[in-house]
Amino acid sequence: MKNNQRREFLKSTGLVGLGLFGAGSTLANEFENLPLQAQKGVNRIQSFNMSGFAAPKIDNVRIGIVGLGMRGPGAVDRLSKIENVEIKALCDLLPDRVEKAKAQLKDTPHTPDGYSGNAYSWKEMMDRDDLDLIYIATPWEWHTPMAVYAMEAGKHAACEVPIARTLDECWQLVETSERTKKHCMQLENCCYDFFELMTLKMKREGYFGEVLHVEGAYIHDLLALNFKKEGGYQDMWRLKENYRNGNLYATHGLGPICQILDINRGDQMDFLTSTSSNDFSMHAEAKKLAEQDNFFASFAQKSFRGNMNTTMVKTKHGKTIMIQHDVSSPRPYSRLHVVSGTEGYAQKYPQPKVAIGHGWLKDEEFKDLETKYTPEIIQKVGELAKKVGGHGGMDFMMDWRLIDCLRNGLPLDQDVYDAALWSAISPLSEWSVANRSNSIDVPDFTGGNWKTNAPVDITLNGGGTTGVRV
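Computed from a predicted structure; not experimentally measured.

The rules behind the values
- Throughout, residues of each chain are indexed from 1 in the direction in which the sequence is written.
- With pLDDT at 70 or above as the cut-off, local features in this predicted model cover only qualifying residues; side-chain atom pairs require 80 or more to be listed or tallied, and sums for whole chains, interfaces and linings still use all residues.
- Excluded from the side-chain calculation are hydrogens and water; included are all heavy atoms of the structure.
- Note on definitions: salt bridges are taken to be side-chain nitrogens of Lys or Arg within 4 Å of carboxyl oxygens of Asp or Glu.
- Each residue is placed in one exposure class: buried if its accessible area under a 1.4 Å probe, protein chains only, is under 20% of its type's maximum, exposed if it is over 50%, and partly exposed if it falls in between.
- What counts as an axis is a line fitted to C-alpha atoms, over the stretch in contact for a helix, and the angles between N-to-C directions run from 0 to 180 degrees.
- Runs of E in the DSSP output that reach at least two residues are strands. Runs of H or I that reach at least four are helices, and both are numbered from the N terminus.
- Roughly parallel covers angles under 35 degrees, roughly antiparallel covers those over 145, roughly perpendicular covers 65 to 115, and oblique covers all other angles.
- A contact between two residues is defined here by any heavy atoms of the two lying within 4.5 Å.
- Residues are grouped as follows: nonpolar covers Ala, Val, Leu, Ile, Met, Phe, Trp, Tyr, Cys and Pro; charged covers Asp, Glu, Lys and Arg; every other residue, Gly included, is treated as polar.
- UniProt positions are given in the numbering used here, feature names are shortened, and annotations may be inferred rather than shown by experiment.
- Following DSSP output, two strands are said to pair if at least two bridges run between them.
- Note that the domain bounds reflect an automated or database-derived domain assignment.
- Throughout this description, a polar contact denotes any pair of N or O atoms lying within 3.5 Å of each other; where both atoms belong to protein, one of them has to be capable of donating a hydrogen while the other can accept it, and for residues adjacent in sequence the pair is counted only when both atoms sit in side chains.
- Put simply, buried Ala, Val, Leu, Ile, Met, Phe, Trp, Tyr and Cys residues joined by side-chain atoms within 4.5 Å make one nonpolar core.
- Any two cysteine sulfur atoms within 2.5 Å of one another count as a disulfide.
- Stacked, edge-to-face and tilted labels apply to pairs of Phe, Tyr and Trp rings (six-membered ring for Trp) whose centres lie within 6.5 Å, assigned for plane angles under 30 degrees, over 60, and everything in between, in that order.

1. So, the pattern of salt bridges
Here's step 1: Using the criterion set out here, one finds 34 salt bridges in the structure.
Here's step 2: The partner of D130 in a salt bridge is R128, and the shortest N-O contact between them spans 2.8 Å.
Here's step 3: According to the relative accessible area criterion, D130 is buried, its value standing at 18%.
Here's step 4: Residue R128 is classed as buried on the basis of its relative accessible area, which comes to 14%.

Encoded structure:
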């Protein structure tokens, strides 16, 4: 990597200024040494296996929420509708956002304290001794520092995606969760999409035969939103993330297909290779806007990620995974979900379909499949979730399931190893793109326990007792 590229990579992260790395250690150095970093887990012995870990039951889950910009207010609303939840604290850099979120709760039993005013107000909130769960919905660069601090403070952590941006951060999360025995869940809502859950149950019951290939994607034209000066992302943080070139947002497509393949729980990623197209949109947009508004002059001097990134992963058992990412091309939204097996095939986008052999099932046959393979969680709260909302209901099902697991002392559907592995795709893909799409090993965050870890339980055994107010 050239010196100017190294400087841009380092500056784009914003993490060195947060004091997250020791003396003499820089993110640029980590990037250059990524192949070695990826080998860290080869002979690693876990201090404690968090896969399948069930924390002590919490009858009333007391929550502090940090980050009330794009995603936080929706979480406040959803969580307020779940019984045996107390929203005790709200935090954001901007005081007016805290006040707006408190106003959302006016006609509810929740009367949270507010924290705001400086970049570290969240620490004061997390230091309270009357919180069980910290719910993080801040810009990406704060995700790992906040999740680590929360666990160190004796709280479970649930964080928006991606939970980490570097391998170093991934290992921080894993090691902290194991040491503190606190849950660290990445809030991958797409694992609770109705179609994705249906295909997971179909796979478990052998409908596809042996699954041999899966695909996932996040293709969403965010060009205008990323360049939105007012009412967009605070301090243009998400636009700045796009100085990095790789799959920056892999988890929406990746999470559900990893559960299909039992990744971390019976199979494991082995290596990946990644390719990005050139940038045909973002620099041009920055340059055009800079001609009208000097605010964008600095952005016009930057290089941005390519429009389309395609990353391929090979698993230890010989399965293949394709993940795509494009947030700057003018094309229809697609969160591609493909399951290809020896006996059946399913895909979502442009519409949900299932095939046997070379032919698609008819509409009536597909409806019969939906009835037969609807998981318990959808039967229990699916219709309520649609009423509450959040990406068609999957956000609410995710939050409800998290609370229900904590209340009943059940393992979470997504553990810290999932959080680390799914997030690690971003830095690994960046390295591959920067090195002519050469392959790079994927770390094993489980310390080899993927061979014996039990698959995610898609039933409500031991749970399903949490009520909802609608």
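2. Structural notes on the packing of helix α9 (residues 194-204) against helix α14 (residues 363-372)
In a pair of packed helices, the angle between the axes and the distance between the axes together describe the arrangement.
Here's step 1: Interaxial distance between α9 and α14 falls to 10 Å at its minimum, and their mutual angle equals 80 degrees. The angle between α9 and α14 places the two elements in the roughly perpendicular class. Touching F195, M198, K201 and M202 of α9 are F366, L369, E370 and K372, all from α14.
Here's step 2: Taken together, the residues of the contact of α9 with α14 sort by class into five nonpolar, no polar and three charged.

3. A short note on the UniProt feature "domain: Gfo/Idh/MocA-like oxidoreductase N-terminal" (unreviewed entry) in the protein
Here's step 1: Summarizing the sequence annotation, UniProt attributes the feature "domain: Gfo/Idh/MocA-like oxidoreductase N-terminal" (unreviewed entry) to residues 61-185 in the numbering used throughout.
Here's step 2: The distance separating the terminal C-alpha atoms of residues 61-185 is 15 Å; by composition the span is 39% helix and 21% strand.

4. Details of the UniProt feature "domain: Glycosyl hydrolase 109 C-terminal" (unreviewed entry) in the protein
Here's step 1: Within this structure's numbering, the places UniProt gives as "domain: Glycosyl hydrolase 109 C-terminal" (unreviewed entry) are residues 197-351.
Here's step 2: Taken end to end, residues 197-351 is 25% helix and 26% strand, and its two terminal C-alpha atoms sit 16 Å from one another.

5. So, the sheet that holds strand β6 (residues 184-186)
Here's step 1: One open sheet accounts for six strands, arranged β3-β2-β1-β4-β5-β6; its pairing is parallel. This sheet does not close on itself; its edge strands, each paired only once, are β3 (113-115) and β6. Between one strand and the next, the sheet's axes are offset by a mean angle of 20 degrees, whatever the strand orientation.
Here's step 2: Where strand β5 (residues 156-159) meets β6, three bridges bridge the pair, whose relative direction is parallel. Looking across to β6, one finds that C159 is bridged to Q186.
Here's step 3: Where helix α5 (residues 95-104) meets the sheet, it contacts β2 (85-91) and β3, and its direction lies at approximately 160 degrees from that of β2.

6. Digging into helix α7 (residues 143-152)
Here's step 1: Of all 10 residues in α7, eight are buried, a share of seventy percent or more.
Here's step 2: Among the residues of α7, those classed as buried are H143, T144, P145, M146, A147, V148, A150 and M151.
Here's step 3: Taken together, the buried residues of α7 touch β1 (61-66), α6 (121-126), β4 (133-136), β5, α8 (167-180) and β6.
Here's step 4: Once α7 finishes, G154 follows within two positions and takes phi at roughly 85 degrees, a positive value.

7. Some remarks on the domain arrangement of the protein
Here's step 1: According to the domain assignment, the protein consists of domain 1 (53-187) and domain 2 (190-375 + 416-451).
Here's step 2: For domain 1 versus domain 2, the separation of C-alpha centres amounts to 25 Å.
Here's step 3: Contacts between domain 1 and domain 2 engage 22 residues on the former and 27 residues on the latter.
Here's step 4: Counting across the domain 1 and domain 2 interface gives one salt bridge.
Here's step 5: Residues E241 and R165 are paired through a salt bridge, measuring 3.1 Å at the closest nitrogen-oxygen approach.
Here's step 6: If you look at where domain 1 meets domain 2, you find five residue pairs in polar contact (both at pLDDT 80 or more).
Here's step 7: Taken together, the elements giving at least two residues each to the side of domain 1 that touches domain 2 come down to α8 and β6.
Here's step 8: In terms of residue count, the dominant contributor to the side of domain 1 that touches domain 2 is α8 (seven residues).

8. Looking at the nonpolar core
Here's step 1: Judged by nonpolar contacts, the single largest core of 113 residues is most densely connected at M269 and F445.
Here's step 2: Here this core gets 10 residues from one element, more than from any other, and that element is helix α17 (residues 416-434).
Here's step 3: Formed jointly, this core draws a minimum of three residues from each of two domains, domain 1 (53-187) and domain 2 (190-375 + 416-451).
Here's step 4: The contact partners of M269, leaving out residues within four places of it in the chain, are L254, C258, I263, V313, K314, T315, K316, I321, L421, I425 and V442.
Here's step 5: If you look at the next biggest cluster of nonpolar residues, it comprises 12 residues, including L223, L239, M282 and A300.

9. A closer look at the side chain of R407
Here's step 1: Mapped onto the secondary structure, R407 falls in helix α16 (residues 394-408).
Here's step 2: The class for R407 is buried, based on a relative accessible area of 12%.
Here's step 3: At 2.8 Å, the side chain of R407 and the backbone oxygen of D59 are in polar contact.
Here's step 4: There is a polar contact of 2.9 Å between the side chain of R407 and the side chain of T466.
Here's step 5: Dropping the residues within four chain positions of it, R407 is found in contact with K57, I58, D59, V61, E83, N84, T465 and T466.

10. Considering the state of the cysteines
Here's step 1: Applying the stated criterion across every chain, the model contains zero disulfides.
Here's step 2: The thiol sulfur of C405 is not disulfide-bonded, and the nearest other cysteine sulfur, from C191, lies at 13 Å.
Here's step 3: Exposure remark for C405: the relative accessible area of 1% places this residue in the buried category.

11. With respect to the packing of aromatic side chains
Here's step 1: Scanning all chains against the criterion turns up 22 aromatic pairs.
Here's step 2: Arranged with centres 6.2 Å apart and planes meeting at 75 degrees, the rings of W122 and W142 form a pair that is edge-to-face. On the criterion of sequence distance, the pair formed by W122 in helix α6 and W142 in the loop between β4 and α7 is long-range, its members being 20 residues apart. As far as the burial class goes, W122 and W142 line up, both buried.

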